[in-house]
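# Summary of structural features
The lines below spell out each chain.
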Amino acid sequence: MNVGVLALQGDVPEHLRVLRELVPDTIPVRSPADLASVGALFLPGGESTTIARLIEEMGLWAPLRQRLEHGLPTLATCAGLILLARDLAPSAYGRDPPTFGVLDVRVRRNDYGAQRESFEAPVRVDGIGGRPFPGVFIRSPRILGVGADATPIAWHGEEVVGVRAGTIWGLTFHPELARDLRVHRKFLAQAGALL
Ligand code: GLN
């Protein structure tokens, strides 16, 4: 199975580098043809408004919506999670992007505030034992509420920092920056992309 990283803007090289340790022929996805060739997709962090605009410009909005609605195994980090959220609470930092709405969460962009734009904190991930996962949060969105169609899968203290809806995962932190492959392995295994 091909694995792809949506490669329009954001921390695409970091995702590709980590993923190629596990799935050597992971491809960047920039066109509908690229998208059609993958069986699992990563949505990187970056600027959600810019990524949304580029998805539209590249003719990817409708095909990506269709793949997501059919359960394309997807791991979305940070800006990627924002793009999948069903509901965005207005952010204090300018306009919010349109979203695909496939993850039943209410999210607010940049909600950890300017003074704490980036931080690292231990995260507990469902089904991953041993030491806590190193959570890297960069101008992260906050998950304000989880609806009935989504399940929490990651926590920083009491706060939910990751959810899934079936095969689609959304995280407010960046496992691709953590030098720890446990989240990637778990996601790829459930997606059927690891031998
Ligand atoms: N602050 C960004 C946004 O709102 C997300 C940050 C990130 O992806 N690291 O789109």
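Structure report, in brief. These numbers were taken from a predicted model, which means no experiment stands behind them.

## So, the site of the ligand
Taken together, G45, G46, E47, S48, C78, A79, I82, R109, N110, I138, R139 and H174 make up the full set of residues near the ligand. Between the ligand and S48, the relevant distance is 2.7 Å, taken from an oxygen atom to a main-chain nitrogen or oxygen of the residue. For the ligand, whose accessible area on its own is 300 Å², the fraction buried by protein is 97%. For the shell around the ligand, the class distribution of residues is 4 nonpolar, 5 polar and 3 charged.

## Overview of the pattern of salt bridges
Following the criterion strictly, the structure yields 13 salt bridges and no others. A salt bridge links D180 to R131; the shortest N-O distance between them is 3.4 Å. Here D180, found in the loop between β12 (168–171) and α6 (182–190), pairs with R131, found in the loop between β7 (118–125) and β8 (133–138); they are 49 residues apart in sequence, far enough to count as distant. Under the relative-accessibility criterion, R131 is labelled exposed at 55%. A single network of salt bridges, built from pairs that share partners, joins E47, D96, R109 and R139.

## Focus: the pairing of strand β6 (residues 103–108)
Two strands pair when backbone bridges link them, and strand β5 (residues 85–88) and β6 are joined in this way by 3 bridges, in the parallel orientation. Bridge pairing in β6 places A85 opposite L103. Of the pairings in the sheet, the one linking β6 to strand β9 (residues 142–146) comprises 4 bridges and is antiparallel in character. Counted as the bridge partner of R106 is G145 from β9.

So, how was this worked out
Residues numbered from 1 in each chain as written. Predicted model: local features only at pLDDT ≥ 70, side-chain atom pairs only at ≥ 80, totals over all residues. Heavy atoms only, no water. Near = heavy atom within 4 Å. Polar contact = N/O pair within 3.5 Å; in protein donor to acceptor, adjacent residues only side chain to side chain. Areas by Shrake-Rupley, 256 points an atom, 1.4 Å probe, with all protein chains shown as cover. Nonpolar A, V, L, I, M, F, W, Y, C, P; charged D, E, K, R; others polar. Salt bridge = Lys/Arg side-chain N within 4 Å of Asp/Glu carboxyl O. Helix = DSSP H or I, 4+ residues; strand = E, 2+ residues; numbered from the N terminus. Buried < 20%, exposed > 50% of the residue type's maximum accessible area, 1.4 Å probe, protein only. Pairing = 2+ DSSP bridges.

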